[in-house]
Amino acid sequence: AHFRCYDCSFTGSEAVDYLHELLRCNYNFGPEVTRYQTLQLLRKFFKAHVIEDIKGRHGTEDFEDNSHLYRYFVTLNITRHFGCIVTPFSALLAEI
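Quick notes on the rules
Residues numbered from 1 in each chain as written. Predicted model: local features only at pLDDT ≥ 70, side-chain atom pairs only at ≥ 80, totals over all residues. Heavy atoms only, no water. Phe/Tyr/Trp six-rings, centres within 6.5 Å; stacked < 30°, edge-to-face > 60°. Helix = DSSP H or I, 4+ residues; strand = E, 2+ residues; numbered from the N terminus. Buried < 20%, exposed > 50% of the residue type's maximum accessible area, 1.4 Å probe, protein only. Expected span 1.5 Å × (residues − 1). Arc of directions from axis to C-beta. Salt bridge = Lys/Arg side-chain N within 4 Å of Asp/Glu carboxyl O. Contact = heavy atoms within 4.5 Å. Core = buried A, V, L, I, M, F, W, Y, C linked by side-chain atoms within 4.5 Å.

A. Fine view of the packing of aromatic side chains. Applying the stated rule across the entire model yields three aromatic pairs. With a centroid separation of 5.7 Å and an interplanar angle of 85°, the aromatic rings of Phe 46 and Tyr 70 are classed as edge-to-face. In this pair, Phe 46 is assigned in helix α2 (residues 35–47) and Tyr 70 in strand β3 (residues 69–72), connecting sequence segments 24 residues apart. Taken as a pair, Phe 46 and Tyr 70 share a single burial class, namely buried. In this structure an aromatic cluster arises from ring pairing among Phe 46, Phe 63 and Tyr 70.

B. Quick peek at α2. Between its first and last C-alpha, α2 extends 18 Å over 13 residues, near the 18 Å set by a 1.5 Å rise per residue. Buried within α2 are the following residues: Thr 38, Leu 39, Leu 42, Arg 43, Phe 45 and Phe 46. Buried positions in α2, seen along its axis, are confined to an arc of 155° and lie on one side of it. Opposite the buried face of α2, at more than 90 degrees from it, the exposed residues are Tyr 36 and Lys 44. Trailing α2 by a residue or two, His 49 shows a phi angle of about 70°, which is positive.

C. Region of interest: the pattern of salt bridges. One pass over the full model with this rule turns up five salt bridges. Linked by salt bridges that have partners in common, Asp 17, Arg 35 and Asp 65 make up one network.

D. Local environment of the environment of Val 33. Its location among the elements puts Val 33 in the loop between α1 (12–25) and α2. Each C-alpha atom of the pair Val 33 and Leu 23 lies 6.9 Å from the other, and the pair is ten residues apart in sequence. With near-sequence residues (within four places) excluded, Val 33 lies in contact with His 20, Leu 23, Arg 24 and Thr 38.

E. Spatial organisation of unusual backbone geometry. In this structure, Cys 8 is a non-glycine residue whose phi angle is positive, near 55°. Topologically, Cys 8 is positioned in the segment before β1 (10–11).

F. View of the nonpolar core. Leu 42, Ile 51 and Phe 63 are the most contacted members of the largest nonpolar core, which totals 14 residues. Elements supplying a minimum of two residues to this core: α1, α2 and β3.

Encoded structure:
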């Protein structure tokens, strides 16, 4: 078996888990935010080129709540010049 290692990446489910909890705890949104609403927001981030899939595509497919790998688009541009910065998804969203 051949395995690939992708730096600076996160799964779709990991992103939904984190952002859903963040929105539910935020007084501007509250506990009524659903997981589906969170997924819809991440799909907008994907189409707006905030995040991309691990192969560099953004907006050509839907963002999915599964094990598909994604990365933060801005981090990708930074890593081209300075090397990979391994950052958890939670820290990446703090930059938005």
